[in-house]
Amino acid sequence: MSSIGDVLTRLEATIEARKSESPDSSYTASLLSKGAERCAKKFGEEAVEAALAGATGKKDELAAEAADVLYHLGVLLAANGLSFADVAAVLAAREGVSGHDEKASRGK
Ligand SMILES: N=c1c2ncn([C@@H]3O[C@H](COP(=O)(O)OP(=O)(O)OP(=O)(O)O)[C@@H](O)[C@H]3O)c2ncn1[C@@H]1O[C@H](COP(=O)(O)O)[C@@H](O)[C@H]1O
C-alpha cells in the first residue's frame, strides 16, 4: 500500500504534467485552463462535501470526499505556482508547537 506522501507526490507530478495537455483529454488541464478562481471554487465545493460527510458519520463517503479535496487542493496549489512541498514546509515548522501556544502568540 502506498503512503499518502507517495500518492501525493505522484498526483502532483500528474497535475504538473497536465498543465501542457489538452483540456479536451484531461479534466485537470480543463480546470487549470479556467484559472485559479475556478480551481478555488471547485476546492471549496469539495471541502464542503467532505465536511458534510464527516459531520454525518458517513465514513466511506468521507474517505472519497477527502480524496477529492486533496486532488482539488493539488490543482489549486498548482494554479498558484505552489506545491505540496510548500505546505509540508509550513506544517513541519509547526511541529512541536501547541496550537494553543501558537494562537496565544498571535495575541488572540
Ligand atoms: N484524483 C483525481 C480526481 N479526483 C476527482 N476528480 C474529478 O473532479 C471532478 C469533480 O467532480 P464534480 O462532480 O464536482 O465534477 P463536475 O461537475 O463534472 O465538474 P465541473 O464541471 O464542475 O468542474 C470530477 O470530474 C472528478 O472525476 C479527479 N480528476 C483527476 N484525478 C487525478 O488526476 C489524474 C489525471 O486526470 P485527468 O487530468 O482527467 O487526465 C487522474 O488519473 C487522477 O489520478
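Since the structure is predicted, the reported quantities are computational estimates derived from the model, not experimental observations.

Asks: How would you explain the overall build of the protein if you had to name every residue and give the values?
Replies: Scanning the protein from terminus to terminus reveals 6 helices and 0 strands. Burial analysis of the protein (108 residues in total) assigns 22% to the buried set. Contacts spanning at least 24 positions in sequence make up 48% of the contacts within the protein whose residues lie at least 6 apart. Carbon together with sulfur atoms contributes 58% to the accessible area of the protein, which is approximately 7,300 Å² in total. Of note, the protein has its 13 positive side-chain charges centred 4 Å away from the centre of its 17 negative side-chain charges.

Asks: Which residues make up the site of the ligand, and what values go with them?
Replies: Every residue near the ligand is listed here: L11, T14, R18, S26, Y27, T28, R38, K42, E46, D68, Y71 and H72. Between the ligand and the protein, one listed contact pairs an oxygen atom with a side-chain N or O atom of H72 at 3.3 Å. If the ligand stood free it would expose 850 Å²; the protein chains cover 52% of that surface. Mapped onto the shell around the ligand, the elements with two or more residues apiece are α1 (4-18), α2 (27-33), α3 (36-55) and α4 (59-79). Across the shell around the ligand, the residue classes break down as 3 nonpolar, 4 polar and 5 charged.

Asks: Let's hear about the environment of G54: which residues, and what values?
Replies: Structurally, the position occupied by G54 is in helix α3. Sequence-wise, G54 and E65 are 11 residues apart; in three dimensions their C-alpha atoms are separated by 9.2 Å.

Asks: I'd like a description of the side chain of S30, backed by residues and values.
Replies: Examined against the element boundaries, S30 turns out to sit in helix α2. Given a relative accessible area of 13%, S30 falls into the buried group. Within the structure, S30 has its side chain in polar contact with the backbone oxygen of Y27 (distance 2.7 Å).

Asks: So what about the packing of aromatic side chains? Which residues, and what values?
Replies: If you walk through the whole model with that rule in mind, you get 1 aromatic pair. With centroids separated by 6.4 Å and ring planes inclined at 35°, the aromatic side chains of Y27 and Y71 adopt a geometry described as tilted. Of this pair, Y27 sits in helix α2 while Y71 sits in helix α4, and the two are 44 residues apart along the sequence. Under the relative-accessibility criterion, Y71 is labelled buried at 16%.

Asks: Got a sec to walk through the side chain of E65? Specific residues and values, please.
Replies: Here E65 shows up in helix α4. Once residues lying within four places of it in the same chain are set aside, the contact partners of E65 are E46, E49, A50 and A53.

Asks: For the packing of α3 against α4, give the residues involved together with the corresponding values.
Replies: For the pair α3 and α4, interaxial distance at closest approach is 8 Å and the crossing angle is 160°. Here α4 runs roughly antiparallel to α3, going by the angle between their axes. Handedness of the α3/α4 crossing: left-handed. For the pair α3 and α4, contact is made by A36, C39, A40, K42, F43, E46, A47, E49, A50, A53 and G54 and by E61, L62, E65, A66, D68, V69, H72, L73, V75, L76 and A79, respectively.

Calculation notes
Residues numbered from 1 in each chain as written. Predicted model: local features only at pLDDT ≥ 70, side-chain atom pairs only at ≥ 80, totals over all residues. Heavy atoms only, no water. Helix = DSSP H or I, 4+ residues; strand = E, 2+ residues; numbered from the N terminus. Buried < 20%, exposed > 50% of the residue type's maximum accessible area, 1.4 Å probe, protein only. Contact = heavy atoms within 4.5 Å. Areas by Shrake-Rupley, 256 points an atom, 1.4 Å probe, with all protein chains shown as cover. Lys, Arg positive; Asp, Glu negative; His and termini not counted. Charge placed at Lys NZ, Arg CZ, Asp CG, Glu CD. Near = heavy atom within 4 Å. Polar contact = N/O pair within 3.5 Å; in protein donor to acceptor, adjacent residues only side chain to side chain. Nonpolar A, V, L, I, M, F, W, Y, C, P; charged D, E, K, R; others polar. Phe/Tyr/Trp six-rings, centres within 6.5 Å; stacked < 30°, edge-to-face > 60°. Axes fitted to C-alpha atoms, helices over the stretch in contact; angles between N-to-C directions. Parallel < 35°, antiparallel > 145°, perpendicular 65-115°, else oblique. Left-handed = near helix turned anticlockwise from the far one by under 90°.

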